[in-house]
Amino acid sequence: MASSFLLTGGVLSPLLLQLPLLLLFLLLPSTLEVSLGGSPLYNQDDKILILNTTNFQPNICSSSKAWVVEFYSSWCGHCIHFAPTFKEFAADVFAWREVISVAAIDCAMEENMPTCREYEVMGYPSLKFFTPNTPTGDMGIERQSREKTVPAIKKDMIEFITDLQIKKSEKAGRNWPSLVPASVSGLEILHIWDQNPTLAVLLIEEANSTMGSEVILDLSSTVTKLKVPLVMAKIEINAESDQLLQKLTVPKQPSLVAISRDFSTLEVFPSTAATRVGWTGAIKDFIWRKSSELSLNNQMLADLSQKKPEDSLNVQPLNSKAQKTATRKELINRRYKVFTSDLEKAVIYSISHEVAQHSSISGHTLQTLLQYVTVLEKFFPARIEMSVFLRDLHSWVNMHQDTIRGEDLSSWMESYQGRHGIRASKDWVGCRGSEDQFGGYPCGLWSVWHALTINQANLAEGDPKEVMNAMKSFIQEFFGCRDCARHFDQAIEGGKAFDEIENYNDAVLLLWKTHNRANFRLAGDISEDPVFPKLVFPSKEFCSGCYGALTGTNLWDEFDRIKVVEFLKNLYSKEKLSSQGLTSDTTADGHALAVAPLAQIDGNFEHLDVSNFKKKENSTSFVFFNGADISICFLLWFVSALLLLLIYLKFIAGKKFSNSHFFSNLKRKTSMNPLLGKV
C-alpha cells in the first residue's frame, strides 16, 4: 500500500521503524527563546500612568493636557537608580495633572519595542515632553539636562509649559493658569483683569525662581473647579516693577500680596514663610476669609479645606522586607559558573532589541554592528545551532552597505526564528537576580564579552584588541543605559587604555579590571542586588592563588595576574560552560566550574556536587541524557511498540484470523440462527 504506516509483506516500513525516534524528536522543544527585560519599575500606586504600545497614542496624542513621559528599561541600572526619584517627582506634581501629567513606558518589554523605536529612544532613562493634542508622529521634546533630581525636573517642566504659553500659545491649554510673569507698566499690571476676576493674588519673586509657578499649579485645579473669581499672577522683581512694589509697600524680596482692581482691597502676608507650602496655605486661607466677597458657598469652602491625597508632598517609604541572604550554591551559580543559555540569551537580546531599537542604522553605527557580529561569529563559544545563526546574521548584515532599518532587522530575526526555531531560553540562570530588575541582561552582556576575550585567547587568532574595540563601539552606539556607557568610556579612557594590550591575555585582564572597577563603583548603590552584593572578583575564598603577597585596593597590584588569567579561562572557556538551562545538551564536552581548592568549595555551608569543579566529566553519567531523559525514552519506546502491535493485529493478523476454520464455522452458525433470520 501507499501509506508508509502500513505493513508490506509482513515487514515494517523504514519510516515505521523510526517512529519512536520521531516521537522523541517532536517532544524535544527548541532551546533558544528570548524573554525581554525584568518587571516594570512602577505600578498604579505611583501616580504614574503606565503606558504600552496599545494605550500610548490614545493617551498622549489625543489629550487636552501636556505629558512628561519616561522611556526606561527595567534592566537598566541607572533606570533602577532613577525610579525612586521619578516616583517622588510624580507625587510632587500630581496636583498639576489637569495641566501636565506623568507617564512611563518600559522599553525592555517586547510589545513596547515598536513604540520606543518609533519615538527614536536611543538611551535610558529618557524624558520627553509632549504638548496637548500632540499629532501622531511628533517625537516630543527630549529633556537635555542630565541632572536627575526632583527640583531640576520640575524646573524643566515649568519652563516647558511657560515656553508653550509664550512661543506656541496655540498649543498651550486654553484653561491653563498663566505661568508667564505679568507685564508691569507703572502701577498697571497688563491683562491681569481680562477675565474679570474679583481679586488677584500677586506672587512676587526673583526672575529665575519657580516657586510662584509651583504654587499657581498647585491651586489651579481647585480654583478652576470651584470657579473662584480669583486670578494668581507672577511679578518679577526688576526695574519695571519698582513703582508697583513701592505702592504695595513690600520689600524687594519674595512676597505675597492680594489686591483688587482699584487697589481698594490690599492685604500683605508679612508673616507667611516664602515657601511653596507657606504660600499655598496662605492663599487658601485668604480665599476662605474672603468667601462672601468671592461668592463661595459652604460646599465650596468644604471642598477648599479638604485635604486631598495630592496635597502631600512626601513620598511614603517603601515597605521594608526581610533581607534574604544567598546560599553558597546560589552564590556559586551567580558568580562562579557561566551558563551557555545566559550567553545566548544576552546575544539574541542585544541584536533583536538593543540594535533593532534604532530606527535607522548607517555610517559608523552600521560599521559598529558589522564589527560586533564579526567578533560574535569568530569567537562566541557557540553550539551548532547558534553558530549557524551567527554566520547567517553576519552574512545578512554584510549585505547592507548603506543602511539597515531597525524594523527590517526585527523582521529578519522573527522570520529566521520562525524558520529555524532559534529562541533564547525563557529565564536567566546564572544571571538571575533576587528580583527581576537585578542581574539579567547587563550581567549576561558582561559574560559575553568575557567569553569572547577568553575564546579569542584560546584560539590565538586575530588582533588582540579586536574584541575590546568591538565592545567599545557597541557600548557607545547600542547599549541602552547611556550613563553606563559614559562610565565605561571613562573607565577605558576613551580607548587609550587599549594601548596597554600587547597580547590576548592583556585583553582578558583589561576587561576583568574594568569590570571589577565598575562593581567597586556601584557597590552599595540602589541598583545593586542586595542578595548578591558587588564584591571584588574573584574572592580569596574561591581563588586564593589569584592573590599575591602585596596588598592594596587598586584592584590590580594585589593580584597574581597569571593565576587570574588561568582562573578566567577555566570559567569562560567553551568546554567549561554549563548546559543547565538548555532543554537539550548539545554543548561541547561537558560543563564545569572554575577550578578551586576542594577544601574551599566543600565547606560547612552546604554540600555541593564536587565533580562539577573538576576538569574531568562525571564518569557515571550519560553524555547526553540524564535519568529523566532515559525514563522518557523507555516510555516512548513502550508506547510505540504497543502502537505497532495494534497495527499488526489490525491489518495482518486480523485478515488471517477472519479466514480461519474457526471463524468460518462461526459465520455459518450465525447465518442459521432463527432469532436473527437468514443472512
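Remember, predicted model here, so these are calculated numbers, not experimental data.

Undergrad: Go over the overall build of the protein chain with me, naming the residues and quoting the values.
TA: Counting its secondary structure elements, the protein chain contains 23 helices and 13 strands. Across the 679 residues in the protein chain, those meeting the buried criterion constitute 47%. Pairs at least 24 residues apart make up 72% of the contacts formed inside the protein chain by residues separated by at least 6 positions. For the protein chain, the exposed area adds up to about 34,400 Å²; of that, 54% sits on carbon and sulfur atoms.

Undergrad: Could you give me a rundown of the state of the cysteines, with the residues and numbers involved?
TA: Simply put, disulfide is the name for a covalent bond between the sulfur atoms of two cysteines. According to the stated counting rule, one finds four disulfides in the structure shown. Between the sulfur atoms of Cys481 and its disulfide mate Cys484 the distance is 2.2 Å. The disulfide joining Cys481 to Cys484 has a torsion of about 60 degrees about its S-S bond and is therefore right-handed. Here Cys543 connects covalently by a disulfide to Cys546, the sulfurs 2.0 Å from one another. Handedness of the Cys543-Cys546 disulfide follows from its S-S torsion of about 70 degrees: it is right-handed. Taken individually, Cys543 and Cys546 each receive the classification buried, so the pair is uniform in this respect. In the protein chain, the cysteines engaged in disulfides, taken in order along the sequence, are linked 1-2, 3-4, 5-6, 7-8. The thiol of Cys76 is unpaired, and the distance to the nearest cysteine sulfur, on Cys79, comes to 3.1 Å. The buried category is assigned to Cys76, whose relative accessible area is 0%.

Undergrad: I'd like a description of the sheet that holds strand S11 (residues 266–268), backed by residues and values.
TA: Backbone hydrogen bonds hold the strands of a sheet together, and the pairing may be parallel or antiparallel. Across the sheet, which stays open at both edges, the four strands sit in the order S9-S8-S10-S11 with mixed pairing between neighbours. Whereas interior strands pair on both sides, the edge strands pair on one side only; in this sheet they are strand S9 (230–236) and S11. Pairs of neighbouring strands in the sheet enclose a mean axial angle of 20 degrees, with direction left out of account. Pairing analysis gives seven bridges linking strand S8 (residues 199–205) to S9, with the strands arranged parallel. When the bridges of S9 are listed, Ile204 appears paired with Ile235. Contacts from helix H7 (residues 211–226) reach S8 and S9 within the one sheet, and its direction differs from that of S9 by about 175 degrees.

Undergrad: So what's going on with the pattern of salt bridges? Which residues, and what values?
TA: On inspection of all chains with the given rule, the structure shows 21 salt bridges. Where Arg405 meets Glu407, a salt bridge forms, and the shortest distance between an N and an O atom there is 3.8 Å. Its relative accessible area of 42% is what places Arg405 among the partly exposed residues. Under the relative-accessibility criterion, Glu407 is labelled partly exposed at 44%. Here Arg486 and Asp483 are joined by a salt bridge, their closest N and O atoms 2.0 Å apart. Taken together, the residues span about one helical turn, with Arg486 and Asp483 both in helix H18 (residues 482–491) at a distance of three residues. For Arg486, a relative accessible area of 29% gives the class partly exposed. With relative accessibility at 10%, the residue Asp483 sits in the buried group.

Undergrad: Can you lay out the packing of helix H14 (residues 384–398) against helix H15 (residues 406–420) for me, pointing to particular residues and giving the numbers?
TA: Closest axis-to-axis distance for the H14/H15 pair is 12 Å, and the angle between their directions is 150 degrees. In this view, H14 runs roughly antiparallel relative to H15, as classed from their interaxial angle. The hand of the H14/H15 crossing is right-handed. The residues of H15 that touch H14, namely those facing Val388, Phe389, Asp392, Leu393 and Trp396, are Asp408, Leu409, Trp412, Met413 and Tyr416.

Undergrad: Report on the nonpolar core, specifying residues and quantitative values.
TA: In this structure, Val69, Phe71, Phe380, Phe389 and Trp449 are the most contacted members of the largest nonpolar core, which totals 154 residues. By residue number, the principal contributor to this core is helix H16 (residues 441–459), which donates 10 residues. Ignoring anything within four residues of it in the chain, the contact list for Trp449 reads Tyr372, Val375, Val467, Ala470, Met471, Phe474 and Leu511. Ranked by size, the runner-up nonpolar core spans 16 residues in total, among them Ala233, Ile237, Leu244 and Val257.

Undergrad: Please provide a residue-by-residue account of the packing of aromatic side chains, values included.
TA: Throughout the structure, instances matching the rule amount to 31 aromatic pairs. Measuring from centroid to centroid gives 5.3 Å for Tyr42 and Tyr72, while their planes differ by 85 degrees, and the two rings are edge-to-face. Here Tyr42, found in the loop between helix H2 (19–27) and strand S1 (49–51), pairs with Tyr72, found in strand S2 (residues 66–72); they are 30 residues apart in sequence, far enough to count as distant. For the pair Tyr42 and Tyr72, one class covers both residues: buried. Consider the rings of Phe269 and Phe286, whose centres lie 6.0 Å apart with planes at 80 degrees: the pair is edge-to-face. Taken as a pair, Phe269 in the loop between S11 and helix H9 (276–289) and Phe286 in helix H9 lie far apart in primary sequence, 17 residues in all. Comparing Phe269 with Phe286, the two get one shared label, buried. Ring pairs connect the aromatic residues Tyr42, Tyr72, Phe82, Phe86 and Phe89, which therefore count as one cluster. Across from the ring centre of Phe94, 5.4 Å away, lies the NZ or CZ of Lys47, which sits over that ring.

Undergrad: So what about the sheet that holds S2? Which residues, and what values?
TA: Spatially, five strands are ordered S1-S3-S2-S4-S5 in an open sheet, and the strand pairing comes out mixed. Of all strands in the sheet, those with a lone pairing partner are S1 and strand S5 (141–142), marking the two edges. Strand direction decides the pairing type here: S1 and strand S3 (residues 100–106), joined by three bridges, are parallel. Considered in S3, the bridge of Leu49 is made with Ala103. Packed onto the sheet, helix H4 (residues 77–92) meets S2, S3 and strand S4 (126–130) and runs at close to 155 degrees relative to S3.

Undergrad: Please provide a residue-by-residue account of a nonpolar patch on the surface, values included.
TA: A contiguous nonpolar patch, built from Leu635, Trp637, Phe638, Val639, Leu642, Leu645, Leu646, Tyr648 and Leu649 and spanning about 910 Å² of accessible area, is present on the exposed surface. Examined against the element boundaries, Tyr648 turns out to sit in helix H22 (residues 627–658). In this structure Tyr648 comes out as partly exposed when scored by relative accessible area, which is 36%.

Undergrad: Go over the side chain of Ser255, please, and point to the residues and values.
TA: Its location among the elements puts Ser255 in strand S10 (residues 255–260). A relative accessible area of 10% places Ser255 in the buried class. Those residues within four positions of Ser255 in sequence are excluded, and the remaining contacts are Leu202, Leu203, Ile204, Val250 and Trp279.

Undergrad: Run through the packing of helix H13 (residues 363–379) against helix H17 (residues 466–477), naming residues and quoting values.
TA: Across the interface, H13 lies against H17 with an axial gap of 9 Å and an inter-helix angle of 135 degrees. As summarised for this structure, H13 and H17 are arranged oblique, according to the angle between their axes. As for how H13 packs across H17, the hand of that crossing is left-handed. Of the residues in H17, those touching H13 at His364, Thr365, Thr368, Gln371, Tyr372, Thr374, Val375, Lys378 and Phe379 are Glu466, Val467, Asn469, Ala470, Ser473, Phe474 and Glu477. In terms of residue class, the contact of H13 with H17 is made up of six nonpolar, seven polar and three charged.

Reading the values: rules and limits
- Residues numbered from 1 in each chain as written.
- Predicted model: local features only at pLDDT ≥ 70, side-chain atom pairs only at ≥ 80, totals over all residues.
- Heavy atoms only, no water.
- Helix = DSSP H or I, 4+ residues; strand = E, 2+ residues; numbered from the N terminus.
- Buried < 20%, exposed > 50% of the residue type's maximum accessible area, 1.4 Å probe, protein only.
- Contact = heavy atoms within 4.5 Å.
- Areas by Shrake-Rupley, 256 points an atom, 1.4 Å probe, with all protein chains shown as cover.
- Disulfide = S-S within 2.5 Å.
- Pairing = 2+ DSSP bridges.
- Axes fitted to C-alpha atoms, helices over the stretch in contact; angles between N-to-C directions.
- Salt bridge = Lys/Arg side-chain N within 4 Å of Asp/Glu carboxyl O.
- Parallel < 35°, antiparallel > 145°, perpendicular 65-115°, else oblique.
- Left-handed = near helix turned anticlockwise from the far one by under 90°.
- Core = buried A, V, L, I, M, F, W, Y, C linked by side-chain atoms within 4.5 Å.
- Phe/Tyr/Trp six-rings, centres within 6.5 Å; stacked < 30°, edge-to-face > 60°.
- Lys NZ or Arg CZ within 6 Å of the ring centre and 35° of its normal.
- Patch = residues over 30% accessible without salt bridge, like charges linked within 9 Å, V, L, I, M, F, W, Y side chains within 5 Å.
- Nonpolar A, V, L, I, M, F, W, Y, C, P; charged D, E, K, R; others polar.

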